[in-house]
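Single-letter residue listing:
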Amino acid sequence: MLSHNKKRPAEQKFLTGRALLNHFASDKKQVLWLSVIAGTLATFFLAMQWISFAWMVEDVIIYQHSFTHQPEWLILFICSAIGRVVSTRLQTMFGQNASIAIRSNIRKKLLLLWRQQSPLSSHLHSPAAAATQWVEDIESMDGYFSKYWPQQMLAFISPLIILCVVAWLNWLCAVLLLISAPLIPLFMILVGMGAEQLNQKYSLIRQRLAGHFLNRVANLTTIKLLHAEQAVFGEVEAASDSYRKIITKTLRVAFLSSTVLEFFTSVAIASLAIYIGFSLYGAINWGPASSISLFSGLLILILAPEFFQPLRNLSQYYHDKAAALGAANNLLKVFNEEPKQQSEDQVFTETKTDAKLKQSTDKQNITPFPNQQPLLNIHNLAIGYSPDSVLADDINLQVKGGQLLAITGESGAGKSTLLYTLADYLKPLKGNVVTFPGKQMPIAYLPQRPWLKNASVLSNLEEFAPNATQEQMRETLIELGLNEIFGKNHNGLNTMIGEHGQGFSGGQLQRLALARVMLNPTAIILLDEPTAKLDLSSKKYIYAALKKLKSNAILVVATHDLGLLDIADVHLNLNQKEGVEGAVLV
Ligand SMILES: Nc1ncnc2c1ncn2[C@@H]1O[C@H](COP(=O)(O)OP(=O)(O)OP(=O)(O)O)[C@@H](O)[C@H]1O
């Protein structure tokens, strides 16, 4: 549950996607290091395996012994092969486990940040982009944590182990390997930088495409009514085409980078082979050429590709890094965004869901704070979305439990904005809002277009009022004039509510949402135009419900409905602020 003293998980600012990735990785550093240790063991076993193999080959070919002449080498060969398989498996397992845990942590952190940020935050506006971020962006970090992160350590450790073995056999070959090794990371970085930029672009285009597509699907009816199908087909085709082009570009860069790597690896191995071959033939006699035997020559040639393999693996996973960086850069904005400010003298609010969660823990009590009279104190308040365009200034009033504050004003005067400010979705430009008895007080907010989930009426009500009985639900719905739910064309509380409230009128949905609040009322209830879509007879049900609700709570209602003023105790007209009626001015 959101609580006033719970801060964002990390208060530091992240300047780059790389810093953010490091922060994520730090959660499971030990498991990632276990993967590195297992990878190091795998290289050690690999070296042992080929040493015993080369030894046996020399024994058989040069000394004409049988394979079983020295069984300890055969045993070492078999044991090393088994050890290599086991440690490679462990390396993969630790990498995957770390990746699963890290990605799960990122999703949790992201959810927490979304909850801590105001619902008015710009990045929460597009559900498709937010879903892409939550699902695909985080999923695309898998390869980075499970493979790239351990491999960037192994790309240093494993070649070093092999280099030591080669140096023990022939220092000149070790020098040759050492010279060619940096070329690979160098080209990898050059090509990889291009891939990284492309991936960032790709990630943005993917988000835009998701938003674009979802938007068209959501508005299919309008598109059909306007006979705009062909135009929309064209738009979707053009958007997918730009997506396809950018993917092809990324693939081209990926192919180019692997070609460059293969070329340099082959050149380095070929030069070693030439040196060893000509040394054994006796055509080269400089350096330690004379000491090359079948054992050392064969072992160096077997180990040379293994020397480059970790670097090649790293380059193969480099695209995972580029994808993860692109995704992390997209997440930077969310992770760096300021959480909602909740200072001591500011109102403490919770979202509807938080209020629900809070009250679900209180099994006995359906009426909150029975002994305390809630109080809402608005002092010198200025509201708006930027200091340059103040919508209303110097609002001073006090509302007590049992009172209804009606906010009126022309369209665009700032009624909804005032409710956002009271709900703490928006910071006041000036002044403050204080509630008593204080921070423990939950607030319910009913927006103009309430959201009901695609489920039964019962499930929608239960979610917000877990302690309400079915009898209470039935009574409340009838009180709100929703008798038809229990008629022969519906299925009572089991009636299904379709996607986006399909099957119910706007006014019915509004009343269903109000029923949720009535079944589990909070001390302060904010309602945005609760009677907007209703005829006069339906409005009367709402007036009666509001009268009942306010006996235990403070009601703040933004409205154009003058009929509501009859039950209002305090009236604030945002167009004529001096007309605050019934308000106790502070
Ligand atoms: N997220 C936002 N960012 C910037 N400006 C906004 C935002 N939301 C609303 N506005 C602007 O703030 C002004 C007040 O909007 P608000 O929704 O509070 O008006 P209202 O009085 O509730 O109107 P109505 O009666 O039509 O619902 C409008 O001019 C609107 O364009």
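Every value quoted in this text rests on a predicted model; they were computed, and no experiment measured them. (Residues numbered from 1 in each chain as written. Predicted model: local features only at pLDDT ≥ 70, side-chain atom pairs only at ≥ 80, totals over all residues.)

J.: What is the right way to read the environment of Leu514 from this model?
T.: Its place among the elements puts Leu514 in helix α15 (residues 506–519). Taking C-alpha positions, Leu514 is 8.9 Å from Leu527, a pair spaced 13 residues apart along the chain. With sequence-adjacent residues up to four places away left out, Leu514 is seen in contact with Leu446, Leu480, Pro530, Ile542 and Ala545. (Helix = DSSP H or I, 4+ residues; strand = E, 2+ residues; numbered from the N terminus. Contact = placed C-beta atoms within 7 Å.)

J.: Please explain the site of the ligand as it appears in this structure.
T.: Every residue close to the ligand is listed here: Leu120, Tyr385, Leu391, Gly409, Ser411, Gly412, Ala413, Gly414, Lys415, Ser416, Thr417 and Ala558. Ranked by residues supplied to the shell around the ligand, first place goes to helix α12 (residues 415–422) with three residues. (Near = placed C-beta within 6 Å.)

J.: Can you walk me through the sheet that holds strand β1 (residues 375–386) in this structure?
T.: Either a parallel or an antiparallel arrangement is found when strands of a sheet pair, and the pairing is made through backbone hydrogen bonds. Across the sheet, which stays open at both edges, the three strands sit in the order β2-β1-β4 with antiparallel pairing between neighbours. Taken across any chain shown, the strands that pair with only one partner, and hence form the sheet edges, are β2 (389–400) and β4 (430–436). On average, each strand axis in the sheet is tilted by 25 degrees relative to the strand beside it, whichever way the strands run. Pairing geometry for β1 and β4, over six bridges, is antiparallel. Across the sheet, Asn377 pairs through a bridge with Val434, a residue of β4. (Pairing = 2+ DSSP bridges. Axes fitted to C-alpha atoms, helices over the stretch in contact; angles between N-to-C directions.)

J.: What should I look at first to understand helix α10 (residues 294–336) in this one?
T.: Residues three or four positions apart in an α-helix share a direction because the helix packs 3.6 residues into each turn. The end-to-end C-alpha distance of α10, which contains 43 residues, comes to 61 Å, matching closely the 63 Å that a straight helix rising 1.5 Å per residue would cover. When the local axis directions of α10 are compared, the greatest deviation, roughly 35 degrees, occurs at Tyr317. (Expected span 1.5 Å × (residues − 1). Bend = angle between axes of the 7 residues up to and from the residue.)

J.: How should I be thinking about the sheet that holds strand β6 (residues 524–528) in this particular structure?
T.: Pairing within the open sheet is parallel, and its five strands lie in the order β5-β6-β7-β3-β8. The sheet is open, and its two borders are formed by β5 (443–446) and β8 (570–573), each paired with just one other strand. Across the sheet, the mean angle from the axis of one strand to that of its neighbour is 15 degrees, orientation sign disregarded. Strand direction decides the pairing type here: β6 and strand β7 (residues 554–558), joined by five bridges, are parallel. Bridge assignment links Ile525 to a residue of β7, and that residue is Leu555. Packing of α12 onto the sheet brings it into contact with β3 (404–408), β5, β6 and β7, and relative to β7 it is tilted by some 150 degrees.

J.: Would you take a moment to explain the packing of α15 against helix α16 (residues 536–550) for this structure?
T.: Packing of α15 against α16 leaves a shortest axis separation of 12 Å and a crossing angle of 15 degrees. Compared by their axis directions, α15 and α16 come out roughly parallel. Of the two elements, α15 crosses α16, and the hand of that crossing is left-handed. Contacts from Gly507, Leu514 and Met518 in α15 reach Ser538, Ile542, Ala545 and Leu549 in α16. Partitioning the contact of α15 with α16 into residue classes produces five nonpolar, two polar and no charged. (Parallel < 35°, antiparallel > 145°, perpendicular 65-115°, else oblique. Left-handed = near helix turned anticlockwise from the far one by under 90°. Nonpolar A, V, L, I, M, F, W, Y, C, P; charged D, E, K, R; others polar.)

J.: What exactly am I supposed to notice about the packing of helix α2 (residues 29–61) against helix α3 (residues 71–116) here?
T.: A pair of packed helices is characterised by two quantities: the angle between their axes and the separation of those axes. Two numbers describe how α2 lies on α3: the axes approach to 7 Å, and their chain directions differ by 160 degrees. Classified by the angle between their axes, α2 and α3 sit roughly antiparallel to one another. Taken as a pair, α2 and α3 cross one another with a handedness that is left-handed. Counted by class, the contact of α2 with α3 contains 21 nonpolar, 11 polar and one charged residues.

J.: Help me understand the nonpolar core, please; the structure alone is not making it clear to me.
T.: Counting residues in each nonpolar core, the largest one holds 62 residues, and the members touching the most others are Leu405, Leu526 and Leu555. Per-element tally for this core: the top contributor is α15, with eight residues. Residue contacts for Leu405: discarding those within four places in its chain leaves Val399, Leu555, Val556, Ala568, Val570 and Leu572. (Core = buried A, V, L, I, M, F, W, Y, C linked by C-beta atoms within 7 Å. Buried ≥ 20, exposed ≤ 12 C-beta atoms within 10 Å, placed from the backbone.)

J.: Please clarify how the pairing of β1 should be interpreted in this entry.
T.: Along a regular strand, successive side chains alternate from one face of the sheet to the other. Looking at chain direction, β1 and β2 are connected through eight bridges and run antiparallel. From the neighbouring strand, Ile378 faces β2, where its bridge partner is Leu397. Between β1 and β2, which pair antiparallel and follow one another directly, the connecting turn spans two residues.

J.: How do you make sense of the UniProt feature "transmembrane region" (unreviewed entry) in the protein chain when you look at a structure like this?
T.: Per the UniProt annotation, the sites labelled "transmembrane region" (unreviewed entry) are residues 31–53, 153–171, 177–198, 253–278 and 284–304. Secondary structure over residues 31–53 splits into 100% helix and 0% strand, and the C-alpha atoms at its two ends are 33 Å apart. Between the end C-alpha atoms of residues 284–304 the distance is 20 Å, and the span holds 52% helix and 0% strand. (UniProt positions renumbered as here; feature names shortened; annotations may be inferred.)

J.: What is the right way to read the confidence of the model for the protein chain from this model?
T.: Close inspection of predicted coordinates is inappropriate for parts of the model with low pLDDT. Of all residues in the protein chain, 86% have pLDDT values of 70 or greater, and the mean over the chain is 83. With pLDDT under 50 throughout, residues 1–10 is counted as low confidence; its partners more than four residues away or in other chains account for 15 contacts. Ignoring residues within four places in sequence, the model shows residues 581–586, a span with pLDDT below 50, making 17 contacts including any to other chains. Quick note on the complex model: pTM equals 0.66, ipTM equals 0.97. (pLDDT = per-residue confidence, 0-100.)

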